[in-house]
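The residues making up each chain are set out below.
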Amino acid sequence: MNATMTKQVKKATLATVTANHKVSHNTYRLCVESEKDLIESQPGQFVSILCNKLVVRRPFSVAFAQGNYFEIIYKVRGEGTKYIENLKKGAQINFIGPLGSAFCIENKKSLLIGGGVGIGPMMFLAQRFKGQNIPYTFLAGFHSNINTGLAGIPEAVLITDDGTSGKKGSIVDYIKEYIEKDKVEKIYTCGPEPVMKKASVIAEEMDICIEVAIERFFACSVGVCMGCSIDTKDVENPETLIKKRICKHGPVFDGRTIIWE
Amino acid sequence: MGVKHNIDLSVNIGKLKLKNPIITASGTFGYADEFEEYVNVSSLGAIVTKGITLHPRKGNPQPRVQDVNNGLINRIGLENMGIYPFIEQKLPILRAKNISFIINIAGSSEEEYVQLAKICQNKSIEAIEMNLSCPNVKHGCLEFGKDPDTLYRLISNVREAYQGTLIVKLTSNVSYPTQIAKLVQKAGANAISAINTVKAMHVSLNYNNSKFEKTTIQGGLSGPAIKPIALSFISEIRPVVDIPIIGMGGITYIQDVLEFLSVGANAVQIGTANFTHPTISEQLVDGLGEILIKNNKTNLKECFNRRK
């Protein structure tokens, strides 16, 4: 390495799996110990995991991180996540990260809305809020029955589509109710895009700040391939279209700036 | 490398003198800034910028990328800021770095290519790579790379407008590679880079209401899957041209670099592998040096029994 280099050089890091278990239908929690500390990892950021021989790494929001230990919550969708599902305790993974932007934690009455695997970064955020005594309500939505103990979800209002755990219905049906009940000043959300879109619309209507963490498929994770490019607008000047890359400018954005598909 | 060895990895591409033959491919390395956290960019032979057009382009709607076995299909559609903002915002940053860079230009008409070339000439850009084979834009690019007459006229006109090192990037999606390669050289190009991504499609099927419903993504395939196609293309055109060939297509390991050099490439570009292993380009530079040392050679030419 050149001695004149000033920037810290990031490398792919190895981590050892300490646990990998199912928490709900098709949803899993992977816990690993990395060779290096993820000390700077903040809620909203992600890690990109090399999945066997796949050419493209898979990005996952960090669900918890402390020292060299971190967790992700994932759903088995394709070859990459199938590979992760099959990792046994003691197996090694190769990852880069933490990458991307983090939620801007403010001392405001907060509503955390996590849908499906989107609960990951919300869990991490809830931990931080607890540590800083920031009041919050955590809505966690799933299709079906969830084992909150195994998932490591701190006290949350559970909502399932089929009513098998907690309240029945869609998480979006409860957003307004909790904003009013808990006098919410800021919303943080991660989950399916229709949920984040709906939350953003409500936030705009009720004039509340909202931050969304968008999870999509990337190719590079470092801001060069333009594979994750999305359309955003300036809140002050909504006519101007601004191209942003989820992996570089995000994944956390002001929800009101996103032009949802 | 700890001990100083008297090894020479340098290679000349036209007027460009590169310190080594490892170049990062267009669209996979941004404008080098993005990779500085991963790679000492000044260790590389050169970087090729993302394809730049005359006017800004928004690119294609999502989805834009899809991985397949040993490869990646992309249909980005040349999203970029356009040449003028590039010159204003990115060129000074690139020039401040201790690197050789090649500007990848893409036009949607002959006039646009010539205009882009003139702008590069005026700005004293040392090297340009003409993207004649982007499979993801409706007009231009791929078509220019396929038709011999249009190709010859186009390159000749760009040559006239631009005195720096002119590299022409070719597609393997042609019937007569040798004919195309000869024309590129005849028209005055200083080097050929090959191959661009290969036109490909991914299909995913869903069984719904007793029928298969398909969702498709069509674009350019890159990655290890196209390496054999690239090696074959380069070995086919090598005998018919004297200008340098910059080989690319799925290069991931040092063995791949050596294979491309062995079939006649003078330098190589690293593309998709930058996504899989962000530090790979610098590792390959080191790896090439180590191979020379291990085999007691002082330069690359000694390693291959090659005429060109």
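The structure this text deals with has already been given above.
Residues numbered from 1 in each chain as written. Chains lettered and ligands numbered in written order. Predicted model: local features only at pLDDT ≥ 70, side-chain atom pairs only at ≥ 80, totals over all residues.

## What to know about the interface of chain B and chain A
If you look at the interface, chain B gives 31 residues, while chain A gives 26 residues. In terms of residues, the side of chain B that touches chain A owes the most to one element, strand β6 (residues 71–74) of chain B, which gives three residues. Split by residue class, the side of chain B that touches chain A holds eight nonpolar, 16 polar and seven charged. (Contact = placed C-beta atoms within 7 Å. Helix = DSSP H or I, 4+ residues; strand = E, 2+ residues; numbered from the N terminus. Nonpolar A, V, L, I, M, F, W, Y, C, P; charged D, E, K, R; others polar.)

## Things to note about the pairing of strand β3 (residues 46–50) of chain A
All names here are of chain A. Counted residue by residue, β3 has four buried out of five residues, so it is predominantly covered. Relative to strand β7 (residues 92–99), β3 runs antiparallel, the two sharing four bridges. Each residue of the ladder has a partner; that of S48, found in β7, is I96. (Buried ≥ 20, exposed ≤ 12 C-beta atoms within 10 Å, placed from the backbone. Pairing = 2+ DSSP bridges.)

## Observations regarding the sheet that holds strand β11 (residues 198–208) of chain B
Residues and elements named next belong to chain B. Taken in spatial order, the four strands make up an open sheet running β5-β6-β12-β11, and their pairing is antiparallel. Both edges of this open sheet fall to β5 (65–68) and β11, since each of them pairs with a single strand only. The average angle at which neighbouring strand axes cross in this sheet is 40°, direction not considered. Where β6 and strand β12 (residues 211–222) come together, three bridges link them in antiparallel fashion. Each bridged residue has a counterpart across the sheet, and for I73 the counterpart in β12 is L221. (Axes fitted to C-alpha atoms, helices over the stretch in contact; angles between N-to-C directions.)

## Thoughts on the environment of P121 of chain A
All names here are of chain A. Note that P121 resides in helix α2 (residues 119–131). Taking the C-beta count within 10 Å as the criterion, P121 has 33 such neighbours and is therefore assigned buried. A C-alpha to C-alpha distance of 22 Å links P121 and G169, two positions 48 residues apart in sequence. Those residues in contact with P121, other than ones at most four positions away along the chain, are P43, G44, S61, V62, A63, C190 and A213.

## Points about the pairing of strand β14 (residues 267–270) of chain B
Residues and elements named next belong to chain B. On β14, burial covers both faces: A267 and Q269 on one face and V268 and I270 on the other are all buried. Where strand β3 (residues 22–24) and β14 come together, three bridges link them in parallel fashion. Bridge pairing in β14 links T24 to I270. Relative to β14, strand β13 (residues 245–247) runs parallel, the two sharing two bridges. Within the sheet, the bridge partner assigned to I246 lies in β14 and is A267.

## Regarding α2 of chain A
Residues and elements named next belong to chain A. Over its 13 residues, α2 runs 18 Å from end to end, which matches the ideal 18 Å to within 8%, given 1.5 Å per residue. Listed as buried for α2 are I119, G120, P121, M122, M123, F124, L125, A126 and F129. Note on α2: the residue one or two positions beyond its end, N133, has a positive phi of about 55°. (Expected span 1.5 Å × (residues − 1).)

## Some words on helix α8 (residues 280–294) of chain B
Residues and elements named next belong to chain B. Taking 1.5 Å per residue as the helical rise, α8 with its 15 residues ought to reach 21 Å, and the 20 Å between its terminal C-alpha atoms agrees with that figure. Where α8 is concerned, the buried positions are I280, S281, E282, L284, V285 and L288. Lining the buried residues of α8 we find β3, α6 (254–262), β14 and α7 (273–276). One or two positions beyond α8, positive phi appears at N296, with a value near 60°.

## Brief notes about the nonpolar core
Of all hydrophobic cores here, the largest spans 169 residues; its most connected members are L112 of chain A together with I128, I167, V168, I192, I246 and V268 of chain B. With residues up to four places along the chain from it excluded, the contact list for V168 of chain B reads M130, L132, I155, V184, A189 and I192 of chain B. (Core = buried A, V, L, I, M, F, W, Y, C linked by C-beta atoms within 7 Å.)

## Focus on the sheet that holds β13 of chain B
Residue and element names in this part refer to chain B. Pairing is parallel in the closed barrel, where eight strands are placed in the order β3-β4-β7-β8-β9-β10-β13-β14. With strand direction ignored, the average angle separating the axes of adjacent strands in the sheet is 25°. Across the sheet, α8 lies against β3 and β14, angled at about 170° from β3, the strand it touches most.

## Digging into the packing of helix α2 (residues 110–122) of chain B against helix α3 (residues 148–161) of chain B
A pair of packed helices is characterised by two quantities: the angle between their axes and the separation of those axes. All names here are of chain B. Across the interface, α2 lies against α3 with an axial gap of 8 Å and an inter-helix angle of 25°. Classed by the angle they form, the pair α2 and α3 counts as roughly parallel. Between α2 and α3 the crossing geometry is right-handed. On α3, the residues touching E110, Y113, V114, A117, K118 and Q121 of α2 are L154, N157, V158 and A161. Each residue belonging to the contact of α2 with α3 can be placed in one class, and the counts come to six nonpolar, two polar and two charged. (Parallel < 35°, antiparallel > 145°, perpendicular 65-115°, else oblique. Left-handed = near helix turned anticlockwise from the far one by under 90°.)

## Some words on unusual backbone geometry
For the bond from G97 of chain A to P98 of chain A, the omega torsion is 0°, close enough to zero to count as cis. Along the chain, P98 of chain A turns up in strand β7. The omega torsion across Q62 of chain B and P63 of chain B is -5°, close enough to zero to call that bond cis. Mapped onto the fold, P63 of chain B is located in the loop between β4 (46–48) and β5. Of note, N70 of chain B is a non-glycine position whose phi angle comes to about 60°, a positive value. Structurally, the position occupied by N70 of chain B is in the loop between β5 and β6. If you check the backbone angles, S124 of chain B has positive phi at about 50° while not being a glycine.

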